[in-house]
Structures are given as C-alpha cells and as structure tokens.
Amino acid sequence: MPIARVEAFHVDWGRARSAWVRVWDADGRSGLGEASPMGGGNAALEIVSGLFAPAVVGADPCDQAVLQDRLFHQHAKVGPDGAFAAALAALDIALWDLKGKILERPVFQLLGGAWRTELPFYASVGGNAGRSPEEVCRAVERWLPLGPTLVKVRLDADRTRRDADIDGDIARIRAVRGLLGPGLPLAFDANNNYSVQGAIRVGRILEELGCAWFEEPVQHYHPESFEKVARALDIPVAAGEQEYTLQGFQRLADAGVAILQPDIVKTGGFTGLGHVAALARTFGVDLVPHQTQPAVGHTANLHFVASLLHGHHPCEWNDPSGAQNAVFRWPVRPEHGRFTLAPDRPGLGLEIAEEQLARRARPWGGAGTA
Ligand code: CA
C-alpha cells in the first residue's frame, strides 16, 4: 500500500524534545523514525515536512533506498550534511519500521538476519569537563548496577577552548580507571577539544591505562589532524558522529581512524549506515555506531548492530532515565546488561501507546497527506 501521510513532530519530554517522523500507509499502518535533535530538531522537521513529505506521498514504502537517493539528489543544495542528513535518516528509519510492519518481520531480519539478538551496551557518561575526578567517579558509579560492558567518559567541554585542562582531563581518566579496575574496559571521548600535540599527550596516557579507544581527539573538520594523531599513537582512534556522507567516512578511514562511528539518526538511517558498514569492511576498520537517543534511535541502532558481522563492540547508551518509555507498550531497557530484540515483533518492535504519545506530540508544519 502506498504512503498516505507523513507526520513530522516534536515529542515534549519536559526538559528535552525529540524530533520524530511517522509515515502512514494507505492501510493505516505506520512506521516511526527519529532525527538527531540538534538545534531542537527544528531544521530536520522542517525539511521532512516541507520538502520530503509531499514528495513521498503515493510512493511504495518498501522503496526506501530509491526514495533516499532521489531526495538526496533533488535537494542537493540543502545538504548534504547536518539537518538535511538527519531528515533523510528519520524518514529512512520510519520506512524500515513500516516495511517491517507490512512484511510482518523485525527490521534486523529485513537487513539480512541477526548475528545476535541480545546486545550488550556501554555506558556513555557525559558532562565531565567541569567535574572533579571524584565527581566523575560518582557519575560513573551510578551506571555500574545496570551492567555495562564498557564505560566511555565524555568531556563535553566548550568546543571553542582547545586544550583547556589537559592535566585535569588526565586526572579524571586516571581516577575512573582506578575505580573500574582492570576488568571493565574504558574509552575516552575528547569531543574534538585537543590540538594535535595535546591529543598525543593525552593519548599516551590512555595507552598506559589500557583504554579501548580515543574518540574525537581533534577538530572533526580536519582529517589531517586525525592522521597525525593516529600515526603517533597505538590506541585506536574513533570518530564519525560529525560525518554525514560516505565520502566523509572515507576521509576518516584514509586518515587512519580505526573505529568509524556513524549515527543512525544523522547518517541516512539504516540505508546510510549500511553504506558505511560496507566502507568499514573495505578498509578493515571497526564500525561502532554513535547513538544518544534512548528510544527510537537506540532501538534502530540495536537492529542495525544485530545484523553486523563484526558487531563485537557494545552499543552506546547514554540515558537510562526511561523517560521516553511512557509512550511505548514495552520499555526499552536492558536486563542483566543486555538489550534483547524480540523475533516476533515486526519493524522496530516499538508498539506505541497512542494516548501517551498524543499528549506529548507537537506537530511541526503542514506535513504531506494523500
Ligand atoms: Ca563523541
């Protein structure tokens, strides 16, 4: 059945908003997608509502790759990065969810099958730039009862102040390494805040501490700096959450980045991440998706990683509050440190509690209708 309607809307959680997209077919089935909420998600919702929705009404929802390429090329001057890519991602995720509902199969099966349906996670602990080493340890400790198989400490510092507190950063990461002991892997995310020289200095400490990876050590727009850091260090350098195109990921892989981190709500959804997965295999590097949205984006990411041959790293999870679970029949949360994908739930497997979602949904623009 053709696409009948596309809804682009915010979901108001009180302290935060999500940017979601819902695609309906003519039989009344729907698929749910999510755009990165950067800038409140406003730009992505406007692109979906104003440009994409009118163009896809009447199309077959199973033609998601053709639709994505058509929209990408028709609106080339709006993109290719940022909110434009996030809008393509939201539509793609919704179409895969809808395709799963139509075919009565979970998305991971439509992707070719699952290597695993129980997926461990890593605790992504942010906001640490202004904290003392003890405060960082307390923030990490709150995660440990949930059973992460790796901890990532993110700085989230002011992006305009490079190398602002390298000694403090080293003290923070040493403290967390001491807290975790040798049994739990630790990764460190500089959020692009170091010079090449600063990154190499911190990276040598991370190597001494046996850290799993060094994420975004230098400015995201400067692959030459990544290359200098990657050449100087043995620790895997990770990056990719600021990339939106296959060519951007190729530049990172060329620069020696060992772990590519595309985000399914930024980089073309399942279709876009599938392309990056092929690129990662071509270069022989790892793909460990970035993911910060705790319900739709997270669940989509679980399906994608379930279908990855080399999905041996845990999935990122940064919000255990459960605040978004109110709008679904089944909560998105781990048990014994693992998220489980059910083989009998079609699409993403997220059944919406309609009344709860209606209370929180804030429609954006005049999305297309049949
Ligand atoms: Ca990061």
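You'll find the structure just up there.
As the structure is a prediction and not an experimental result, all values here were calculated from the model.

Distances from the calcium ion to its protein donors, Asp189 (OD), Glu215 (OE), Glu216 (OE) and Glu241 (OE), fall at 2.1 to 2.8 Å. The sequence pattern describing where the donors of the calcium ion fall on their chain is D-x25-E-E-x24-E. Of the two residues, Glu215 is situated in strand S7 (residues 214-215) and Glu241 in the loop between strand S8 (237-239) and helix H9 (246-254); the sequence distance between them amounts to 26 residues. Residue Glu241 is classed as buried on the basis of its relative accessible area, which comes to 10%.

Further remarks concern the packing of helix H5 (residues 133-141) against helix H6 (residues 166-180). Their axes nearest at 8 Å, the elements H5 and H6 cross at an angle of 45°. Put simply, H5 runs oblique to H6. Crossing hand, H5 versus H6: right-handed. Each of Pro133, Val136, Cys137, Val140 and Glu141 in H5 lies in contact with H6, whose residues at this interface are Ala171, Arg172, Ala175, Val176, Leu179 and Leu180.

Take the sheet that holds strand S3 (residues 30-35) next. The strand order across the open sheet formed by 4 strands is S3-S2-S1-S13, and the pairing between neighbours is antiparallel. Strands at the two margins of the open sheet, each flanked by one partner only, are S3 and strand S13 (361-363). Here the average twist between neighbouring strands, direction ignored, is 35°. Pairing of strand S1 (residues 3-12) with S13 involves 3 bridges; the strand directions are antiparallel. Opposite Phe9, over in S13, you have Pro363 as the bridge partner.

Turning our eyes to something else, we now look at helix H11 (residues 296-306). Residues spaced three or four apart along an α-helix point in a common direction, a consequence of the helix completing one turn every 3.6 residues. Within H11, 11 of the 11 residues are buried, leaving the element largely enclosed by the surrounding structure. The set of residues buried in H11 consists of Val296, Gly297, His298, Thr299, Ala300, Asn301, Leu302, His303, Phe304, Val305 and Ala306.

A few words now on the pattern of salt bridges. Summed over all chains, the structure comprises 16 salt bridges. Asp27 is the partner of Arg29 in a salt bridge, and the nearest nitrogen-oxygen pair spans 3.1 Å. With relative accessibility at 27%, the residue Arg29 sits in the partly exposed group. Here Asp167 ties to Arg201 by a salt bridge, and the two come within 2.4 Å at their closest N and O atoms. Of this pair, Asp167 sits in helix H6 while Arg201 sits in helix H7 (residues 196-208), and the two are 34 residues apart along the sequence.

Let us now look at the nonpolar core. In this structure, Trp20, Phe188 and Phe214 are the most contacted members of the largest nonpolar core, which totals 82 residues. When residues of this core are sorted by domain, at least three fall in each of domain 1 (3-105 + 350-369) and domain 2 (117-267 + 274-286). One finds Ala19, Phe52, Leu91 and Ala94 within the second-largest nonpolar core, a separate group that totals 26 residues.

Time to look at the packing of helix H1 (residues 42-56) against helix H3 (residues 82-103). At a closest axis distance of 9 Å, the pairing of H1 and H3 adopts a crossing angle of 55°. Taken together, H1 and H3 sit at an angle that is classed as oblique. When you trace H1 past H3, the crossing you get is right-handed. Residue-level contacts link Ala43, Ala44, Ile47, Val48, Phe52 and Val56 of H1 to Ala83, Phe84, Ala86, Ala87, Leu88 and Leu91 of H3. Of the residues that constitute the contact of H1 with H3, the class distribution is 12 nonpolar, no polar and no charged.

About the criteria used
Residues numbered from 1 in each chain as written. Predicted model: local features only at pLDDT ≥ 70, side-chain atom pairs only at ≥ 80, totals over all residues. Heavy atoms only, no water. Donors = N, O, S within 2.8 Å, 3.2 Å for Na, K, Ca; no water. Helix = DSSP H or I, 4+ residues; strand = E, 2+ residues; numbered from the N terminus. Buried < 20%, exposed > 50% of the residue type's maximum accessible area, 1.4 Å probe, protein only. Axes fitted to C-alpha atoms, helices over the stretch in contact; angles between N-to-C directions. Parallel < 35°, antiparallel > 145°, perpendicular 65-115°, else oblique. Left-handed = near helix turned anticlockwise from the far one by under 90°. Contact = heavy atoms within 4.5 Å. Pairing = 2+ DSSP bridges. Salt bridge = Lys/Arg side-chain N within 4 Å of Asp/Glu carboxyl O. Core = buried A, V, L, I, M, F, W, Y, C linked by side-chain atoms within 4.5 Å. Domains from an automatic or database assignment. Nonpolar A, V, L, I, M, F, W, Y, C, P; charged D, E, K, R; others polar.

Remember that the coordinates give geometry; whether it matters functionally is a separate question.
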